[in-house]
Amino acid sequence: MNSFQGGALLKVTVINFVTYSYAELYPGPNLNMLIGPNGTGKSTIVAAIILGLGGSPKTVGRGKNISEYVKHNEEKATIKLLMQGKNGQKNFTVTRHFDKLNASSWELNGEAKSQKDVLTFISKYQIQVDNLCQFLPQDRVADFAKLNKQQLLKETQLALCRDDLVEKQEKLKMEYEQQKQDIMRLDKSKQKLQELKDINVSVEAKVRTFNKRKKALQHLDSIKRKEKWLLHFHSKNEYVRVKDLQNKSKDVLNTKKEAMIPLEEQVSEQKEKLREIENKKRNIENSLKRDELQVHQSNEKVNNLKNSLSRIKDEKSNHLNEMDEKKKEIDGAQLRMKQLNNDKAEVLVILGGEEVMNNKMLSLNNDIKSYTNNVNTIRDKIQELTELKDRKKNIYKNMHVELGKLENVKNQRLESLHRLDQDAYKGTLWLRDNKHLFKGEVYEPMILELNVLEPKNALYVERSISLKDKVAFVCTEVEDMNLLIRHLRMSQKLSVNVLHSSIDRSNSQMEAPIPIEHLTRYGFHSYVISLFSAPDVIKKYLCKTYHLHSIPVGENISNFNALPKQITTFFSGTSRISISYSRYTGEKSTRQNEIKSDGTFSITLNIQKKDLLENQMGQTKKQCDDFAVQIQKLEEKINDVNHQINRIKESQHKLRTQKQQVENIDGKIRILEGKLKELQKNTKTKEEIEQMYQHKINQLKGTLFSILDELKDGYKSYMQQLVEYKISGLSVTVCRKDVAWLEEQMIDMRNAVAEALENFRTLKKDSEMLLRKSEEALVIAKQASNGWHVDDEEFNEFRDDYDKLSNDLEALHEERETLESKLDCMINSADDIEMQEYEARVSAIEKLEANVEIDLRKVQNTDERLATMENEWLEPLNYLIGQINERFSSAFEHMGCSGEVSLYKGENGNDYEKYGISIKVTYRDGEPLQELNTVTQSGGERAVATATYMLSLQELTSVPFRCVDEINQGMDVDNERRIFNLLVDITSQPGTSQYFLITPKLIPKLKFVESMKIHFVHNGPFVCEQNQWNKVQPQLV
């Protein structure tokens, strides 16, 4: 009889999958144990089942891409699963093909299908490859223990194929969240409603006062309306009175204007007569001024001629005196010239003559020119040396900057260490300040001491050394190591790694097993140890620990089988390849992993460039010093030449002074010669001078007599004009008095007219003002009466109040003031804005009361729904958890321990998000149950609880199979025996699911039943091919 359940695995076939070229597995219907040494491919079978049923590498827990499961040196792989049909249906086959490019194709019963179609078909058999309660791969065992209560509840419901319970819980969460929002909204509405009511209660007194005030204001409007109409009628009557006065004043004005016309004519005639007399006087005055000017000018001419006669006489006397002085100057100049010629002769005698003096000056100039040229030549040489020195200085400066950039790599690495490990960073700073405490050399963390020679090779060094050693300190003395540990770990509480590596002059430990020259034909170019520089003690430690001297590096290494056996690990491009050999068969197994840089050694210091720069800087500095010495010597030579030039210049200055003395004498002689020529030029006798001046005097006397005759005639004409001018002045005075009297009469008349005109204008202005006032009062009164006149029929709406009020304006005014005083006393009254807000709140209160009622009903309905939904979810869930707890507790009791599974509801029983499964266990008598977690229990104890929990689900679900990979790892002998016996008891019962247990070892004398099937997994060159095994197997059975 076929005891396989629907969806159980009948056959698993893999082709080019991980380490398998081709393999088949025929599971039994109950417990299947896969046993074999580590590395033989047991977990690979579980990975094939998960990936073949649509799982991802993430579910398996190994790798990120499906391409990593293709066997090395192969392009594609295949997984084929033969599975039991259910309810009498045919068995079905699921096939997955995938290649190195991560491309997958699917088949269902040999027909191409999409992954979605395959997953939909598989889901009908309750297979959940991503549920840790059904599939627990080796690399995901730890993940199960990390599940929190809430995650465990979800995984359990899914593992029990109760998606409906998960869906109900999600609906409960959503409904509860919606209820919380509804309650919050209801509370806010109630709070808002109460706030509005409280506000309205607080202002009701103001509202009542407002209504009283409103009624009083309406009566006040009636009073003001009556006042406005009375003002209009008063203004209208006043206008009629003033208009009559205006017409009378106009008649008076016209009468006075007619009386002023004859008087204006008399004033005009008298003014015309005055103008004629004034014009005549003005003409006489102009003639008088001309005669006066002419007499004045003649007097000035006479005075000028008299002054000229006196001046000529003085000039004559001065000219004669100058003649005497001039003769004396000529005699003195001739004497001075004679003395200067004698002085010149004496100087020339001392100098040896002008020619000798000029030759000496020429010789001195030539000497100075020669020395100056020599100095210029030296200065040019100094300039040339200075430019060379400056260029060298700039080169030195640039090299110093470049060296600083190279050395800044250390600071960058120190900052990288700070980001990577703050304790190691603090320890480094402390070490730099306290190196004097140590006997031997203490090296800073390797991340600071190692220097990769080429940045592109940093990747291989980074992936060859663990992080703990990258940040480790290295001591050459054991005492120093202990001292450093005490200071950093114990005193400063820093978590740092400290290593010891003794000084060894021998490099035997760093010698490569095979010279790199022998490996170049395979594509290798160097060993990892040669990719970086570091102190020898550090290199020694790295070779001893990581065998960096035997790990070669190359590009595009493909022929792995041809490599020497000594090469077990190497780098090719961005891959790290590890080769291992089976201890049983010697078969080679290859593992290839992609590697990426973590940046720890990517910041490199170019040592060769640094040494070259320092050497070049030393040479450049020496050249600069040499140039400075040469320049100093040349400057000293210039100083010597300058001393010679200064001595020559002193002689030259003395000679030039003597020459200047001769030249000064010559200059004075030339000046005296010129002066003598000027003095001797144009010399006249006394008789010639007296005759010349007498002629000028006679000419001036003749002109003087002629001007005196003109002056006499001018005086005569001036006196006649003066008499006529005085007579005309008297006539003007008399005429002006007549005009003034007439103008006074005219002014009086005009004032009378102006007064009458002003009176008229004032009355006219008053009447116009009263008319406007009356009209404005009418407009104001109509505005107060909705635009109607008091005589209009439409005014009847105001007539009752209008007729009741007094027609006495003053009485109305008193009544209005009284009413306004009362209004002023109504101080606690709402204003218009407050009334609008009050009425708005009244409306809002009505709406809020309706909304609160609706929300309250909604919350009540939600409570009823939640109660119903909670019962529909919790009733079956409590039953399932009770069943799980019954089996879990029984299993633990069977093992001599205690365990409990319960539903955890959190602090708030209505917060369905917090619901979860609580597992409590104890493995020792007398100890209370404790929550299962990663802190309280050991790894083996957690593994026991995990296995027991999964077995407790066995009978509660119809999943076709379960897989558990190496769950017994970490268990002690007693726990492993308990779990195994429990597993055998549960899985050997009729109707149980198919079960896969993968383990590399088992303790002896375990329980065995006929229903279990054991699969031994072997690997190596002596294992026969699958097709050969298929032929031999029936014979063995």
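Here the structure is a predicted model, which is why all the values come from computation and not from measurement. (Residues numbered from 1 in each chain as written. Predicted model: local features only at pLDDT ≥ 70, side-chain atom pairs only at ≥ 80, totals over all residues. Heavy atoms only, no water.)

Novice: Explain the nonpolar core to me, please; I cannot follow it from the model alone.
Specialist: For soluble globular proteins, the rule of thumb is that nonpolar side chains tend to be buried together. One finds L450, V461, F532, I538, L542, L548 and F570 to be the most contacted residues of the largest nonpolar core, which totals 50 residues. Looking at this core, the elements that each hand over two or more residues are α8 (354-420), α9 (422-433), α10 (446-449), α11 (458-462), β13 (524-527), α14 (536-546), β16 (569-572) and β17 (575-581). At six residues, α14 tops the list of elements feeding residues into this core. Apart from the residues lying within four places of it in its own chain, the contact partners of F570 are F524, I551, P552, I557, F560, L563, S575, R576, I577 and I579. In terms of nonpolar packing, the next biggest core, distinct from the first, is built from 39 residues, A23, L81, I122 and F996 among them. (Core = buried A, V, L, I, M, F, W, Y, C linked by side-chain atoms within 4.5 Å. Buried < 20%, exposed > 50% of the residue type's maximum accessible area, 1.4 Å probe, protein only. Helix = DSSP H or I, 4+ residues; strand = E, 2+ residues; numbered from the N terminus. Contact = heavy atoms within 4.5 Å.)

Novice: What's the story with the UniProt feature "coiled-coil region" (unreviewed entry) in the protein chain in this structure? I'm lost.
Specialist: Here the UniProt-annotated "coiled-coil region" (unreviewed entry) positions come out as residues 162-206, 260-398, 617-689 and 795-865. Secondary structure content for residues 162-206 is 98% helix and 0% strand, and the end C-alpha separation is 67 Å. (UniProt positions renumbered as here; feature names shortened; annotations may be inferred.)

Novice: Please clarify how the sheet that holds strand β19 (residues 898-904) should be interpreted in this entry.
Specialist: Strand pairing in a sheet takes place through backbone hydrogen bonds and is either antiparallel or parallel in direction. A sheet is described by the order of its strands in space; here three strands give the open sequence β19-β20-β21, paired in antiparallel fashion. Only two strands of the sheet have a single partner each, and these edge strands are β19 and β21 (930-931). As defined by bridge partners, strand β20 (residues 916-922) adjoins β21 across two bridges and the pair is classed as antiparallel. Bridge pairing in β21 places V921 opposite Q930. Each of β19 and β20 touches helix α19 (residues 832-894); the most contacted strand, β19, lies at about 170° to it. (Pairing = 2+ DSSP bridges. Axes fitted to C-alpha atoms, helices over the stretch in contact; angles between N-to-C directions.)

Novice: Even after reading the chapter, I still don't get the side chain of N32, so can you show me in this structure?
Specialist: As for its placement among the helices and strands, N32 is situated in strand β3 (residues 31-35). On the basis of relative accessibility, which here comes to 0%, the residue N32 falls in the buried class. Only 3.1 Å separates the side chain of N32 from the backbone oxygen of N30, close enough to count as a polar contact. Only 3.0 Å separates the side chain of N32 from the side chain of H1015, close enough to count as a polar contact. Those residues within four positions of N32 in sequence are excluded, and the remaining contacts are P27, Q994, Y995, F996, L997, K1013 and H1015. (Polar contact = N/O pair within 3.5 Å; in protein donor to acceptor, adjacent residues only side chain to side chain.)

Novice: Explain a nonpolar patch on the surface to me, please; I cannot follow it from the model alone.
Specialist: Judged by side-chain polarity, F1008, I1014 and F1016 come together as a nonpolar surface patch covering roughly 330 Å² of accessible area. Position of F1008 among the secondary structure elements: in the loop between β23 (994-999) and β24 (1013-1016). (Patch = residues over 30% accessible without salt bridge, like charges linked within 9 Å, V, L, I, M, F, W, Y side chains within 5 Å. Areas by Shrake-Rupley, 256 points an atom, 1.4 Å probe, with all protein chains shown as cover. Salt bridge = Lys/Arg side-chain N within 4 Å of Asp/Glu carboxyl O.)

Novice: What am I meant to see in α19 here?
Specialist: Side chains that are three or four residues apart share a direction in an α-helix, a result of its 3.6 residues per turn. Its 63 residues give α19 an end-to-end C-alpha distance of 86 Å, which sits within 8% of 93 Å, the value for a rise of 1.5 Å per residue. Directly beyond the C-terminal end of α19, a positive phi value near 80° is found at G896. (Expected span 1.5 Å × (residues − 1).)

Novice: Even after reading the chapter, I still don't get the packing of aromatic side chains, so can you show me in this structure?
Specialist: Where two aromatic rings form a pair, the distance of their centres and the angle of their planes describe that pair. One pass over the full model with this rule turns up 15 aromatic pairs. With a centroid separation of 6.2 Å and an interplanar angle of 80°, the aromatic rings of F17 and F98 are classed as edge-to-face. Linking F17 in strand β1 (residues 9-17) with F98 in strand β5 (residues 92-99), this pair joins segments that are 81 residues apart in sequence. Each member of the pair, F17 together with F98, is buried. Arranged with centres 6.4 Å apart and planes meeting at 70°, the rings of F888 and Y949 form a pair that is edge-to-face. Of this pair, F888 sits in helix α19 while Y949 sits in helix α20 (residues 939-952); the two residues are 61 residues apart in sequence, bridging distant segments of the chain. Both residues of the pair, F888 and Y949, belong to the buried class. Note that K539 overlies the ring of F532, its terminal NZ or CZ placed 5.7 Å from the centroid. (Phe/Tyr/Trp six-rings, centres within 6.5 Å; stacked < 30°, edge-to-face > 60°. Lys NZ or Arg CZ within 6 Å of the ring centre and 35° of its normal.)

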